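Survey of secondary and tertiary structure
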Amino acid sequence: MNAPPGKDIWRSPIRGPWLTSILGLVLLVGLPVLFLTGLLSYAAYDPALGGRFNDPTPGKGILGFYLFEWPTRPAWLFWLTQGIHVIGGLMLVPVLLAKLWSVIPKLFAWPPVRSLAHLLERLSLLLLVGGGIFVFVTGILNIQYVYVFPAGFYASHFYGAWVFVAALALHVILKARTMVTALRSRSIWNELRTGLADTRPEPADATGLVATVPAEPTVSRRGALGFVAAGSALLALLSAGQTIGGPLRRLAVLAPRGGIEGPGPNDFVVNKTAAYRRITPAQTGPSWRLNLRGFDSVSLSRSDLLALTLHSERLPIACVEGWTTVQTWTGVRLADLAALVGVREATGVAVESMQRGGGFGSANLAGNQVRDLRSLLALRVNGADLSLDHGFPARIIVPNAPGVHCTKWVSRLTFWT
Ligand SMILES: Nc1nc2c(c(=O)[nH]1)N[C@H]1C(S)=C(S)[C@@H](COP(=O)(O)O)O[C@H]1N2
Ligand SMILES: [Mo]
């Protein structure tokens, strides 16, 4: 075989099929977990709503084949699945980078195309690497508060994930045998006991990963894997507090809304402030009314609402961006509000807020969410009136719903009969 230009640049003596395969194995376990929790997130965001949608993206019809009625129990399920998705995703970043590093020489494989099969394989790698980078970058940008998605985050990340997973499935099929052979070629326990002095290159083979002119080792395989694991652990430590809470919250420096929670009743994470969403004092003042529609129409002031039967529930707000906060909310049951306009068994509700423009000013909730007796139009939190930033005069709280459906500054509820 002809030598590719510059092939001898890649001289690390630890690069080889075993190292690539062990990193691949971690991804093979981790990526399906991310995919499944991601699918669940999307299902929570856009549950079966009987012909109505929260994600209006055209064409997601086919990919939405699995959507179902997202349950309201257990109340912490979305908290858990989304926490795993976001923290697991961050933890896989060092593994993904190490995996890419380990196969760099393949980018320069020579000749670039050997056969039709080889061409197809390389094209699938383009989708695999491109798709992988795309889903990780869109996910990280979103949790970092950087919204730069022309097609919207949900659509971009969701479609991207399907492309990535399809390419991944093909890659796994094509590489399964090589991977099994490579993993059998060395014992992980031996590697973890092998220091720098005894580190030798893997035998040259057909994978083209092993350096033809290996350099002296500067790190053992154990050292390299330890470095990757330490990177993952550090990312977890600096972000997990935003979902786990407690003292860990102080450590969540990588989470812009991890935030320290104060003793004040309203002193917990705010996602979008009233000022950011251009909610004016006039809108939230005494002239505010809640408009209810069902079989009848009713308009209620805040004092009308406070005079209804109030209920308190301790429920989380769990955001798709990976943070969760649990608070005690007090307000009127959505089911009671539906009954006020003559709707006994609502099949859902369209929630609208006073927000004009920007995202998340409205949401559709399914019938099971309206009928759950813990679902509230909250007026108070932790014994105090809601603050403006937490949605005063009234906001939605639904058990196990993603935070994005806990609409703030609500002005109208239209119950589906
Ligand atoms: N009207 C309106 N309601 C909204 C939002 C918004 O941008 N506008 N953001 C939602 C999102 S994404 C989340 S996670 C929660 C956060 O609630 P909090 O700011 O009270 O913590 O509010 C939800 N309600
Ligand atoms: Mo959110």
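Just above sits the structure.
What you are looking at is a predicted structure, and each value in this text was computed from that prediction instead of being measured.

The next thing to look at is the site of ligand 1. Taken together, 21 residues lie near ligand 1, and Asn271, Gln355, His390, Arg395 and Lys408 sit nearest. Between ligand 1 and the protein, one listed contact pairs an oxygen atom with a backbone N or O atom of Asn271 at 2.7 Å. Within the side chain of Lys408, one N or O atom sits 2.5 Å away from an oxygen atom of ligand 1. Its free accessible area being 540 Å², ligand 1 has 99% of it covered by the protein chains. Here ligand 1 is seated within the second largest pocket.

This part takes up the pairing of strand S3 (residues 311-318). Within a regular strand, the side chains alternate between the two sheet faces. Buried residues dominate S3, accounting for six of its eight residues. Sheet analysis places S3 next to strand S4 (residues 324-333), joined by eight bridges and oriented antiparallel. Across the sheet, residue Pro316 finds its bridge partner in S4, namely Val326. A loop of five residues connects S3 with S4, the two strands running antiparallel in sequence, and Gly322 in this loop sits at a positive phi of about 100°.

The next thing to look at is the pairing of strand S2 (residues 297-300). Examined bridge by bridge, strand S1 (residues 290-293) and S2 share four bridges and lie antiparallel to one another. Paired with Asn291 across the two strands is Ser299, which belongs to S2. In this antiparallel pair of consecutive strands, S1 and S2, the connection spans three residues.

Turning our eyes to something else, we now look at the packing of helix H3 (residues 77-102) against helix H5 (residues 116-143). Look at H3 against H5: their axes get within 11 Å of each other, and the N-to-C directions meet at 140°. Considering the angle they form, H3 stands oblique to H5. Pair H3 / H5 crosses with left-handed handedness. Here Val86, Gly89, Leu90, Leu92, Val93, Leu96 and Leu100 of H3 come into contact with H5, specifically with Val129, Phe136, Ile140 and Ile143. Each residue belonging to the contact of H3 with H5 can be placed in one class, and the counts come to ten nonpolar, one polar and no charged.

So, how was this worked out
- Residues numbered from 1 in each chain as written.
- Chains lettered and ligands numbered in written order.
- Predicted model: local features only at pLDDT ≥ 70, side-chain atom pairs only at ≥ 80, totals over all residues.
- Heavy atoms only, no water.
- Near = heavy atom within 4 Å.
- Polar contact = N/O pair within 3.5 Å; in protein donor to acceptor, adjacent residues only side chain to side chain.
- Areas by Shrake-Rupley, 256 points an atom, 1.4 Å probe, with all protein chains shown as cover.
- 1 Å grid on protein atoms, 1.4 Å probe; cavity = no way out; pocket = protein on both sides within 12 Å on 5 of 7 lines; lining within 4 Å.
- Sits in = over half its atoms within 2 Å of the grid points.
- Buried < 20%, exposed > 50% of the residue type's maximum accessible area, 1.4 Å probe, protein only.
- Helix = DSSP H or I, 4+ residues; strand = E, 2+ residues; numbered from the N terminus.
- Pairing = 2+ DSSP bridges.
- Axes fitted to C-alpha atoms, helices over the stretch in contact; angles between N-to-C directions.
- Parallel < 35°, antiparallel > 145°, perpendicular 65-115°, else oblique.
- Left-handed = near helix turned anticlockwise from the far one by under 90°.
- Contact = heavy atoms within 4.5 Å.
- Nonpolar A, V, L, I, M, F, W, Y, C, P; charged D, E, K, R; others polar.

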